[in-house]
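# Report on the structure
Each chain is listed here by its residues.
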Amino acid sequence: MSTNPPPRTRTPLTHYTLAELRRRTSVKWTEFPPDVLPMRIAEMDTPLAEPIGAALIRAVSDGDTGYASPGRLPASFAAFAGRRYGWHPDPPAMRLVPDVMTGIVETLRLTTEPGDTIVVNTPGYPPYYSRLEGLGLRLVTSPPAPGPHGYALDLDSLERHFAAGAKVYLLCNPHNPTGTVFARDELMAVAGLAERHGVRVVSDEILAPLVHPGPRRHIPFPSLDHPAAARSVALVSASKAWNLAGLKAALAVPGPEARAVVAALDGELDEGSGLFGVLAGEAAFTEGEGWLDELLRALDGNRKLLAAELARTLPRVVCRPPAAGFTAWLDVRPLGLPGDPAERFLRAARVGVSSGARFSPLQRPGEPGSGHGFVRLNFGTRPDVVVEAVRRMARATQLPRQDS
């Protein structure tokens with residue numbers, strides 16, 4: 001495809017040419033050969049927001065490259081949450097952790113025992129399964145159901161699991177991979193069930209800053225006026241919204257009745273975090289909202305472009321435009337492709353997407369919540385790359401089956 005310079009008016013997603021992006025050394029741009037369009041790993045093809053770049057350059061200039069401390073990151077996040085969500089968490093109660101997944105694991109290490117049952121929604125973020133089973137926990141799944149705003153939580157399923165003795169519900173809010181933003185009444189219903197059955201909610205809110213225009217806005221679970229919310233713990237980070245995943249800093253944010261849990265997290269988690277992640281997150285939450293809003297406009301354009309291109313060239317693919325994030329959860333079962341469609345698209349189309357089966361390893365094909373026959377596609381890239389990827393995928397579906 002063309003590697004001509006991007007238009008003169010640049011957005012965060014048109015800042016770099018494809019040739020410039022291929023010079024990157026992150027996993028996204030090195031895991032595949034150079035003829036593959038990489039749309040699997042959840043990182044975006046953006047420049048750093050200027051305040052973040054300035055903070056990192058200043059740190060390098062000062063030789064400020066030692067061990068991390070929380071610094072002003074908790075206060076910066078609290079102010080951001082107040083402006084963005086109307087939520088005012090207490091900065092001294094927060095704890096620095098290297099990343100959201102580590103924060104989840106360490107919170108569960110304190111609040112569960114081996115053999116306890118934890119409920120996860122499926123499809124779900126793949127490390128949930130491997131990391132939590134590594135704690136000796138028993139995972140049970142509750143598949144969301146398609147609804148008018150993407151997907152809706154199956155409250156009957158949650159209640160059955162809670163009543164059967166589940167200890168914790170791991171809520172991904174907004175949801176990965178579907179991009180669903182859950183409504184306040186859904187979350188209040190979850191809180192009611194959790195309180196009734198003594199279940200603690202741990203909420204992964206890494207995608208919270210990336211909610212698109214629409215009828216839903218992000219509701220942090222601990223912000224609810226409910227006893228179960230007061231006992232909950234949220235994990236937050238600037239890493240996804242400002243493309244900082246390699247810098248390693250996140251926060252565990254307790255509800256008012258969960259402060260003791262967060263305070264008991266291993267003190268060495270601070271030192272395992274990245275000082276550059278702390279400095280970048282502080283700059284993002286303090287000075288990065290203008291860049292974030294510009295990014296959201298570009299992502300909104302790309303998610304609409306993706307839906308239009310699919311409707312035009314792959315109309316049988318079911319695409320529910322995500323309400324949050326920069327990945328789309330595509331149902332490609334109507335195409336009737338043999339085997340794993342992600343492998344087909346890689347071999348025949350030279351497009352790297354995530355296999356949906358990785359998001360539901362506990363489900364068989366055809367079971368509720370199964371990701372078999374789905375793929376997750378990252379549209380946080382140049383619009384022309386989105387268009388080219390869909391066109392390649394369409395051509396791949398037209399190849400003879402023996403090429404699959």
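Values in this document were obtained by computation on a predicted structure and should not be read as measured data. (Residues numbered from 1 in each chain as written. Predicted model: local features only at pLDDT ≥ 70, side-chain atom pairs only at ≥ 80, totals over all residues. Heavy atoms only, no water.)

## What about the packing of aromatic side chains?
Inspection of every chain in the model, using the stated rule, returns 10 aromatic pairs. Ring plane angle 80 degrees and centroid distance 5.9 Å describe the contact between F77 and W87, whose orientation is recorded as edge-to-face. Of this pair, F77 sits in helix α4 (residues 73-85) while W87 is found in the loop between α4 and β2 (95-97), placing the two residues 10 residues apart along the sequence. Looking at F77, the relative accessible area reads 3%, which means it is buried. (Phe/Tyr/Trp six-rings, centres within 6.5 Å; stacked < 30°, edge-to-face > 60°. Helix = DSSP H or I, 4+ residues; strand = E, 2+ residues; numbered from the N terminus. Buried < 20%, exposed > 50% of the residue type's maximum accessible area, 1.4 Å probe, protein only.)

## Looking at the sheet that holds strand β15 (residues 374-378)
The four strands are arranged β11-β12-β15-β14 in an open sheet whose pairing can be described as antiparallel. Where the open sheet ends on each side, the last strands, each with one partner, are β11 (318-319) and β14 (354-355). By the bridge criterion, two bridges tie β11 to strand β12 (residues 327-331) in an arrangement that is antiparallel. When the bridges of β12 are listed, V318 appears paired with D331. Contacts from helix α14 (residues 341-349) reach β14 and β15 within the one sheet, and its direction differs from that of β15 by about 55 degrees. (Pairing = 2+ DSSP bridges. Contact = heavy atoms within 4.5 Å. Axes fitted to C-alpha atoms, helices over the stretch in contact; angles between N-to-C directions.)

## A short note on the nonpolar core
A general trend in soluble globular proteins is that nonpolar side chains are found buried together. F77, I104, L132 and W242 are the most contacted members of the largest nonpolar core, which has 98 residues in total. Counting residues per element, this core draws most heavily on helix α13 (residues 289-313), which supplies eight residues. The residues contacting F77, other than those within four sequence positions of it, are W87, P89, M94, V236, L251, V253 and F285. Ranked by size, the runner-up nonpolar core spans 21 residues in total, among them V140, L153, A166 and V201. (Core = buried A, V, L, I, M, F, W, Y, C linked by side-chain atoms within 4.5 Å.)

## Considerations on α4
Over its 13 residues, α4 extends 17 Å from the first C-alpha to the last, a length consistent with the 18 Å expected when each residue adds 1.5 Å. Those residues of α4 that fall on the buried side of the exposure criterion are L73, P74, S76, F77, A78, F80, A81, G82 and Y85. Tucked inside the fold, the buried residues of α4 contact β2, β9 (233-236), β10 (250-254), α12 (275-287) and α13. Positive phi shows up at G86, right after α4, with a value of about 70 degrees. (Expected span 1.5 Å × (residues − 1).)

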